[in-house]
Amino acid sequence: MPVLSQNFKTKIINKIFSGKIPPYKNCSGEYVMKNLALFGKNNSGSAALSRAAALIFVLTVCGLFCLRLSEEGFSAESVDVKSTVTLSKEDTELSVPEIVKKAKPSVVGISSAFGEDSVGTGTGIIMSADGYIVTNAHVVQNSSDGKHTPAESVTVVLADKSEYPAQIIGADSRTDLAVVKINGKGKNFSAAEFGDSGRLAEGELAVAIGNPLGFELYGSITCGIISALDRTITIDEYEMTLIQTDAAINPGNSGGPLLNRFGQVVGINSSKIISDHAEGLGFAIPISSARPVIDDLIENGYVTGRPRIGISGEDIGEENARYYDLPEGVYVRFIEKNSAADSAGIEVGDIIVAAEGEIIKTMAELNKVKERFGSGDEMTVTVFRGEE
């Protein structure tokens, strides 16, 4: 028997659309009607889900504002800054010990408290002398059912083992990047040197520094090669283009640097594939793609211009669809208040089966369609809702 998440079946909404759906105002004051589209039985002949609605999402500035408050959950004061990540020219090729000596003072430990008995650790990279540090979003925030909750407190541990309280400047779960800041009261912190990840070649040296499994193994060094470039990996419903390396990356290494042969940070270690049948499959976020996100987080506290539907969902695969007599698609588990989905009338328990006329079977496919649009654009989705 296939197994769905807890309470999956009991949360299937047993209502149907009927009559005209009331209009709503978008941020420009225009009224936008949500149109109904009726469908017959699904391919299995079941009448359990015999009606559907094609709803128009208006991804307005209001939706972007919700993204700032609900996805990041916190924001930074706007500051006028140039790019914090300055790419350096390639200089003299270094040995591994020389790479470590050059980069290690810029690598920190990060401890995030999410409650009295919940503490997580990770790694970070000092980007500037005044204390801006980049790490992974999952190091400083907890994600569950579409909600992203920042840590109650964050502590940064430097290479000399001194500790500083840190402020979360911004975090972006879509790219798994976050920026925190420490205040040294006039102290100049040791900033890392960054390199151009676009100049990497497969087979060249890669060195990782981090804190695997906690601070007892603080500052561990692993090395390998660049195994592949531009790997497309789906993580938490989003496709990411990453650097693949066989340098060992373990829990606790998250947010640490992947270094090239010049001792420059070319990637931010973020994930690995854990399998009984594979080893040495680690992944890092390229600096080339991380740089604009980091700048946005520092300046605004969130990533600007990105449309957001405002849901979290669960994929209904072919096996579960057949067992529960449901269509394949994205089951809506959570809806952010005042988001585009909330305004359009989507409900928890709806199943999104198409977007812009394209069949949708997974959240990743839905996100792929959504990313063609900008904030303020309209996107049409088709939703199945159970009947009474």
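Rules used in this analysis
Residues numbered from 1 in each chain as written. Predicted model: local features only at pLDDT ≥ 70, side-chain atom pairs only at ≥ 80, totals over all residues. Heavy atoms only, no water. Buried < 20%, exposed > 50% of the residue type's maximum accessible area, 1.4 Å probe, protein only. Helix = DSSP H or I, 4+ residues; strand = E, 2+ residues; numbered from the N terminus. Pairing = 2+ DSSP bridges. Axes fitted to C-alpha atoms, helices over the stretch in contact; angles between N-to-C directions. Contact = heavy atoms within 4.5 Å. pLDDT = per-residue confidence, 0-100. Polar contact = N/O pair within 3.5 Å; in protein donor to acceptor, adjacent residues only side chain to side chain. Phe/Tyr/Trp six-rings, centres within 6.5 Å; stacked < 30°, edge-to-face > 60°. Lys NZ or Arg CZ within 6 Å of the ring centre and 35° of its normal. Core = buried A, V, L, I, M, F, W, Y, C linked by side-chain atoms within 4.5 Å.

*Asks:* Where do I start with the pairing of strand 19 (residues 329-335) in this structure?
*Replies:* Regular strands show a simple pattern: their side chains alternate between the two faces of the sheet. Within strand 19, five of the seven residues are buried, which leaves the element mostly enclosed by the surrounding structure. Relative to strand 19, strand 18 (residues 311-316) runs antiparallel, the two sharing six bridges. From the neighbouring strand, Ser-312 faces strand 19, where its bridge partner is Phe-334.

*Asks:* Help me out: how do you make sense of the sheet that holds strand 16 (residues 265-272) in this one?
*Replies:* Through backbone hydrogen bonds, the strands of a sheet pair up, either in parallel or in antiparallel fashion. Spatial ordering of the closed barrel is given by 12-13-14-17-16-15, a layout of six strands whose pairing is antiparallel. Neighbouring strand axes in the sheet, compared pairwise and without regard to direction, differ in orientation by 50° on average. As judged from the five bridges shared by strand 16 and strand 17 (residues 282-286), these two strands associate in the antiparallel manner. Of the residues in strand 17, the one forming a bridge with Lys-272 is Gly-282. Its contacts with the sheet put helix 2 (residues 96-103) on strand 12 (205-210), strand 13 (220-235) and strand 15 (257-259), and the angle it makes with strand 12 is roughly 40°.

*Asks:* Looking at this model, I keep getting lost on the sheet that holds strand 4 (residues 107-115). Mind explaining?
*Replies:* Around the barrel, which closes on itself, the six strands sit in the order 4-5-6-11-10-9 with antiparallel pairing between neighbours. On average, adjacent strands in this sheet sit at an angle of 40° to one another, irrespective of strand direction. In this sheet, strand 5 (residues 118-126) lies alongside strand 4 in antiparallel orientation, the contact comprising eight bridges. If you follow Ile-110 over to strand 5, its bridge partner there is Gly-122. Against the sheet, helix 4 (residues 287-300) engages strand 6 (132-135), strand 10 (163-172) and strand 11 (177-182), with an angle of about 50° to strand 11.

*Asks:* What am I meant to see in the confidence of the model for the protein here?
*Replies:* Note: predicted coordinates in regions of low pLDDT should not be interpreted at a detailed level. Residues of the protein with pLDDT of at least 70 account for 76%, and the chain-wide mean is 77. The low-confidence segment residues 1-81, where pLDDT is below 50, has 210 contacts with residues more than four positions distant or belonging to other chains.

*Asks:* Is there a simple way to think about the side chain of Ser-112 in this case?
*Replies:* Looking at where Ser-112 falls in the secondary structure, it is placed in strand 4. Within the structure, Ser-112 has its side chain in polar contact with the backbone oxygen of Val-139 (distance 2.8 Å). Beyond its immediate stretch of four places on either side in the chain, Ser-112 contacts Ser-118, Val-119, Gly-120, Val-139, Val-140, Ala-151, Ser-153 and Val-154.

*Asks:* Would you mind going over the packing of aromatic side chains with me for this structure?
*Replies:* Geometrically, a pair of aromatic rings is defined through the distance of the ring centres and the angle of the planes. The tally for this structure, following the rule as stated, stands at three aromatic pairs. With a centroid separation of 6.0 Å and 70° between ring planes, the pair formed by Phe-215 and Tyr-218 is classed as edge-to-face. Arranged with centres 5.0 Å apart and planes meeting at 80°, the rings of Tyr-323 and Tyr-324 form a pair that is edge-to-face. Given the relative accessible area of 45%, Tyr-323 is considered partly exposed. Stacked on the ring of Tyr-218, the Lys or Arg Lys-161 has its end atom at 5.4 Å from the ring centre. Here the basic side chain of Lys-181 rests over the ring of Tyr-132, its NZ or CZ set 5.3 Å away from the ring centre.

*Asks:* Is there a simple way to explain the nonpolar core in this structure?
*Replies:* For soluble globular proteins, the rule of thumb is that nonpolar side chains tend to be buried together. Counting 31 residues, the largest nonpolar core has Met-127, Val-179, Phe-194, Ile-268 and Ile-294 as the members making the most contacts within it. Counting only elements with at least two residues in this core, the list comes to helix 2, strand 6, strand 11, strand 12, strand 14 (238-245), strand 16, strand 17 and helix 4. If one sorts the elements of this core by residue count, helix 4 sits on top with six residues. Excluding residues that lie within four positions of it along the chain, Ile-294 makes contacts with Val-85, Met-127, Val-134, Val-179 and Ile-268. Judged by nonpolar contacts, the second largest core, of 19 residues, contains Ala-137, Leu-158, Ala-166 and Val-180.

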